[in-house]
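Residues per chain, in single letters:
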Amino acid sequence: MGKPRKSWDEMVDAYGNPTAHRRRLERKGFTRESHAAGQSQKEARGHGNTPERPDQARRDPERYKKYLQARRTLRVVTTEGIVTVSGLRKKDRSTVARHWNAIGRYLDSGKTDSLSKFDGKMIGGYKKDGEDVPKYELETRLDPLDDYENTNHINVDSIYEKDD
């Protein structure tokens, strides 16, 4: 078994200031009451769903399903072409999925109403996990989408890049 759990009041330095560990817990909403109730500090820090090393996630994919899914590489139809992007935030991954649905609707029925919602919409353009995520504008022009369909570059069945 590990080290005994320190009490809330023991998580202070020699000067009576909260330790870095306690401040991290407090930033995550972990309180004296949570501690007294026996809530897991590991869960409070968010480590319950993120592995310490990526190989841990591959060994136990069911436990780290959200972690692995967030790191999957997506195919994105942009004004620069169809590109693969990894490291997108959840909001951007959802935007890409809705964009693919709009493309599929246009290609199936010719309806452009849902596609026009993405005019000028950008994804990426930030750092995530220390990596630069490139910034792209989503494609909404009909001619390039038709060209991609005619050359079999669009597959709306899966937005994920195939795993190696």
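The structure under discussion appears in the preceding block.
Trainee: Would you mind showing me how to read the overall build of the protein here?
Mentor: Helix and strand counts for the protein come out as seven helices and six strands. Secondary structure elements in the protein, listed N-terminal to C-terminal, are α-α-α-α-α-β-β-α-β-β-β-β-α. Taken across its 164 residues, the protein has 31% of its residues classed as buried. Considering only intrachain contacts with a sequence separation of at least 6, the fraction spanning at least 24 residues in the protein is 49%.

Trainee: Even after reading the chapter, I still don't get the pattern of salt bridges, so can you show me in this structure?
Mentor: Between side chains of opposite charge, a pair can form as their charged atoms come close. Per the counting criterion, the structure on display carries five salt bridges. Salt-bridge contacts for D113 lead to R105; the nearest nitrogen and oxygen are separated by 3.7 Å. Accessibility expressed as a relative area gives 43% for D113, which makes it partly exposed.

Trainee: How do you make sense of the pairing of strand β2 (residues 81–85) when you look at a structure like this?
Mentor: A regular strand carries its side chains on alternate faces of the sheet. In the sheet, strand β1 (residues 74–78) pairs with β2 via five bridges, with the strands oriented antiparallel. Across the sheet, residue L74 finds its bridge partner in β2, namely V85. The antiparallel pairing of β1 with β2 creates a hairpin that spans two residues between the two strands.

Trainee: Whenever I open this one, the packing of helix α6 (residues 90–109) against helix α7 (residues 142–150) confuses me. Can you help?
Mentor: Packed helices, taken two at a time, are described by the angle their axes make and the gap between the axes. With their axes 11 Å apart at the nearest point, α6 and α7 run at an angle of 80° to one another. Of the possible angle classes, the one that applies to α6 and α7 is roughly perpendicular. Where α6 approaches α7, its residues I103, Y106 and L107 are matched on the opposing element by L142, L145, D146 and E149. Split by residue class, the contact of α6 with α7 holds five nonpolar, no polar and two charged.

Trainee: Is there a simple way to explain the nonpolar core in this structure?
Mentor: A general tendency of soluble globular proteins is for nonpolar side chains to be buried together. Counting residues in each nonpolar core, the largest one holds 23 residues, and the members touching the most others are V76, L88 and L145. Those elements giving two or more residues to this core turn out to be β1, β2, α6 and α7. No other element matches α6, which puts six residues into this core.

Trainee: What exactly am I supposed to notice about the pairing of β1 here?
Mentor: With five of five residues buried, β1 is to be regarded as a mostly interior element. On β1, burial covers both faces: L74, V76 and T78 on one face and R75 and V77 on the other are all buried.

Trainee: Explanation requested: a positive patch on the surface in the structure shown.
Mentor: Together, R23, R24, R27 and K28 make up a region of like positive charge exposed at the surface. Within the secondary structure, R24 sits in helix α1 (residues 20–27).

Each value, and the rule that gives it
Residues numbered from 1 in each chain as written. Predicted model: local features only at pLDDT ≥ 70, side-chain atom pairs only at ≥ 80, totals over all residues. Heavy atoms only, no water. Helix = DSSP H or I, 4+ residues; strand = E, 2+ residues; numbered from the N terminus. Buried < 20%, exposed > 50% of the residue type's maximum accessible area, 1.4 Å probe, protein only. Contact = heavy atoms within 4.5 Å. Salt bridge = Lys/Arg side-chain N within 4 Å of Asp/Glu carboxyl O. Pairing = 2+ DSSP bridges. Axes fitted to C-alpha atoms, helices over the stretch in contact; angles between N-to-C directions. Parallel < 35°, antiparallel > 145°, perpendicular 65-115°, else oblique. Nonpolar A, V, L, I, M, F, W, Y, C, P; charged D, E, K, R; others polar. Core = buried A, V, L, I, M, F, W, Y, C linked by side-chain atoms within 4.5 Å. Patch = residues over 30% accessible without salt bridge, like charges linked within 9 Å, V, L, I, M, F, W, Y side chains within 5 Å. Areas by Shrake-Rupley, 256 points an atom, 1.4 Å probe, with all protein chains shown as cover. Lys, Arg positive; Asp, Glu negative; His and termini not counted. Charge placed at Lys NZ, Arg CZ, Asp CG, Glu CD.

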